[in-house]
Amino acid sequence: MIFEKVEEKDVTQAIVGEFSRMLSEYAESDVIIVGGGPAGLTAAKELASKGVKTLIIERNNYLGGGFWIGGYLMNKVTVRAPGEKVLDEIGVPYQEYVKGLYVTDGPHACSKLIAAACDAGARILNMTKVDDVVLREGNRVAGVVINWTPISALPREITCVDPVSLQAKVVIDATGHDAEVVSALVRRGLMKVRGYGAMWVERSEDAVVEHTGEAHPGLIVAGMAVSTVYGLPRMGPTFGAMLLSGKRAAEVALEMLEKE
Ligand code: 48F
């Protein structure tokens, strides 16, 4: 026999027991990051490495969002200076293509960024979709309402599965173009969004980083969700602003936690 003697029930109990323990512990977090794309993962890495109790909620089975593929189904990812500094931090090699434009491998960069967030101590709930927010006094966002992703794909007659809620001191919407947490506030008439503008890479990256911040009490927007909220131009397949927006979101979250 090569392997230790372990029964099926032990395997089941390991999965159910450890998952339940984690979910129970993270029913209340310091920061919930909705969306595990490049912006959300960078924010998670920054916050968790500073000891902040950080939970990433991702609707897909896999993390990474659009970071696996650079654009047009081709997995070379581009980053404009100074975004390559984040690639240095996570140990991803790259080459300068033209002055100030770096190119790297999507799978390498994405897997390293995921590993960096995990190594820093961020916890992950995948296959989990955020479909609403928890509100407190002054309509401050105080958490999110979640359900298993497959629930929304079930036939209508068996979709009456009530969700559960998780609380947090700060929520970050890093759900990309759809800005899904913001959308929950828009549906209630608590926020307005302008929708992202046409492609203009020279303008969009600076603008996204500059506008990253608290967009509603308790809610920070990061990554492409920022351009959706403020009507900023889109940037297409270049990722420096996603990485730096994630960093900025983490800085703002830390400031908000300090004021608590
Ligand atoms: O789309 P995504 O990669 O967002 P990002 O971090 O980066 C955008 C770039 O990939 C690219 C671009 C600029 O370079 O234009 O599009 O802003 O990652 C968003 C993640 O959020 C998840 C989604 O599956 C993806 O992994 N997500 C979206 N809605 C929900 C969600 C939701 N309701 N609940 C949980 N996760």
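This text follows the structure it describes.
Positions within a chain are numbered from 1, following the residues in the order the chain's sequence is written. Selection of residues for local features in this predicted model requires a pLDDT of at least 70, selection of side-chain atom pairs for listing and counting requires 80 or more, and totals for whole chains, interfaces and linings are taken over all residues. Excluding hydrogens and water, the side-chain values take into account all heavy atoms of the structure.

**Brief notes about the overall build of the protein**
Then step 1. Secondary structure follows DSSP: runs of H or I at least 4 residues long count as helices, runs of E at least 2 residues long count as strands, and numbering of each begins at the N terminus. Of regular secondary structure, the protein possesses 8 helices and 13 strands.
Then step 2. Put simply, the radius of gyration uses C-alpha atoms, and a globule should come to 2.2 Å times the residue count raised to 0.38. On C-alpha atoms alone, the protein measures out to a radius of gyration of 19 Å, which is about the 18 Å that the 2.2 N^0.38 rule sets for 260 residues.
Then step 3. Dimensions of the protein, computed from C-alpha atoms along their principal axes, come out at roughly 60 × 55 × 40 Å.
Then step 4. Partly exposed describes any residue whose relative accessible area lies between the buried limit of under 20% and the exposed limit of over 50%, with all areas from a 1.4 Å probe on protein chains only and scaled to the type maximum. For the protein, buried positions account for 45% of its 260 residues.
Then step 5. Contact between two residues is taken to exist if any of their heavy atoms lie within 4.5 Å; hydrogens are not considered. Within the protein, contacts between residues separated by at least 24 positions form 67% of all contacts whose residues are at least 6 apart in sequence.
Then step 6. With the model as given, the accessible surface of the protein reaches about 13,500 Å², and the carbon-plus-sulfur share is 54%.
Then step 7. Within the protein, one finds 27 positive and 33 negative side-chain charges whose respective centroids are separated by 4 Å. Every accessible area reported is derived by Shrake-Rupley at a probe size of 1.4 Å, with residue values counting cover from the shown protein chains alone. Residues scored as positive are Lys and Arg, those scored as negative are Asp and Glu, and His as well as the terminal groups of each chain are ignored. The location of each charge is read from NZ of Lys, CZ of Arg, CG of Asp or CD of Glu.

**Some words on the pairing of strand 11 (residues 213-216)**
Each regular strand displays side chains that alternate between the two surfaces of the sheet.
Then step 1. For two strands to be treated as a pair, DSSP must find no fewer than two bridges joining them. Judged from the 3 bridges that link them, strand 11 and strand 12 (residues 219-221) form a sheet pairing that is antiparallel. Residue pairing for strand 12: Gly213 is matched across the bridge by Val221.
Then step 2. Hairpin remark: strand 11 followed by strand 12, antiparallel, with 2 residues in the connecting loop; positive phi at Gly218, about 85°.

**Quick notes on the environment of Ala207**
Then step 1. Counting through the fold element by element, Ala207 comes out in helix 6 (residues 201-211).
Then step 2. By relative accessible area, which is 12% here, Ala207 ends up buried.
Then step 3. When the C-alpha atoms of Ala207 and Leu232 are compared, they prove to be 6.9 Å apart, with 25 residues separating the residues in sequence.

**Some points on the site of the ligand**
Then step 1. By nearness alone, 27 residues border the ligand, and Glu58, Gly66, Glu180, Met224 and Thr238 come closest of all.
Then step 2. For the purposes of these results, a polar contact is taken to be a pair of N or O atoms within 3.5 Å, where, inside protein, one atom must be able to donate a hydrogen and its partner to accept one; residues adjacent in sequence count only when each atom of the pair is a side-chain atom. In the model, an oxygen atom of the ligand is placed 3.0 Å from a nitrogen or oxygen of the Ala39 main chain.
Then step 3. Note that an oxygen atom of the ligand is positioned 2.6 Å from one of the side-chain N or O atoms of Glu58.
Then step 4. For the ligand, whose accessible area on its own is 740 Å², the fraction buried by protein is 92%.
Then step 5. Put simply, the parts of the chain that give the shell around the ligand at least two residues each are helix 2 (38-49) and strand 7 (128-136).
Then step 6. When residues of the shell around the ligand are assigned to their parent elements, the largest contribution, 3 residues, is made by strand 7.
Then step 7. Its residues assigned to classes, the shell around the ligand shows 10 nonpolar, 13 polar and 4 charged. Throughout, the term near means that a residue has one or more heavy atoms lying within 4 Å of the molecule or strand in question. For this scheme, ten residues count as nonpolar: Ala, Val, Leu, Ile, Met, Phe, Trp, Tyr, Cys and Pro. Four count as charged, namely Asp, Glu, Lys and Arg, and the remainder, Gly too, count as polar.

**Description of the packing of aromatic side chains**
Then step 1. Centres within 6.5 Å make a pair out of two Phe, Tyr or Trp rings, where for Trp the six-membered ring is used; the pair is then stacked when the planes are under 30 degrees apart, edge-to-face when over 60, and tilted otherwise. The final tally for this structure, using the stated rule, is 3 aromatic pairs.
Then step 2. With a centroid separation of 5.2 Å and an interplanar angle of 55°, the aromatic rings of Phe67 and Phe239 are classed as tilted. Separated by 172 residues along the polypeptide, Phe67 in the loop between strand 2 (54-57) and strand 3 (76-80) and Phe239 in the loop between strand 13 (233-234) and helix 8 (240-259) bring together distant segments of the chain. Like Phe67, the residue Phe239 is buried in the burial classification.
Then step 3. Taking 5.1 Å as the distance between ring centres and 80° as the angle between the ring planes, the aromatic pair formed by Tyr94 and Tyr102 counts as edge-to-face.
Then step 4. Its relative accessible area of 29% is what places Tyr94 among the partly exposed residues.
Then step 5. In this analysis the charged atom, NZ for Lys or CZ for Arg, is taken to sit over a ring once it is within 6 Å of the ring centre and within 35 degrees of the ring normal. The ring centre of Tyr26 lies 5.1 Å from the NZ or CZ of Lys53, which sits over that ring.

**Thoughts on the pairing of strand 2**
Then step 1. Here strand 2 shows two buried faces, one formed by Thr54 and Ile56 and the other by Leu55 and Ile57.
Then step 2. Crossovers are described as right-handed under a simple rule: with the strands pointing away from the observer, the path leading from the first strand over the helix to the second runs clockwise. Each parallel crossover has a hand, and for strand 1 (residues 28-34) linked through helix 2 to strand 2 it is right-handed.
Then step 3. Looking at chain direction, strand 2 and strand 6 (residues 123-125) are connected through 3 bridges and run parallel. Bridge pairing links Ile56 to Ile124 in strand 6.

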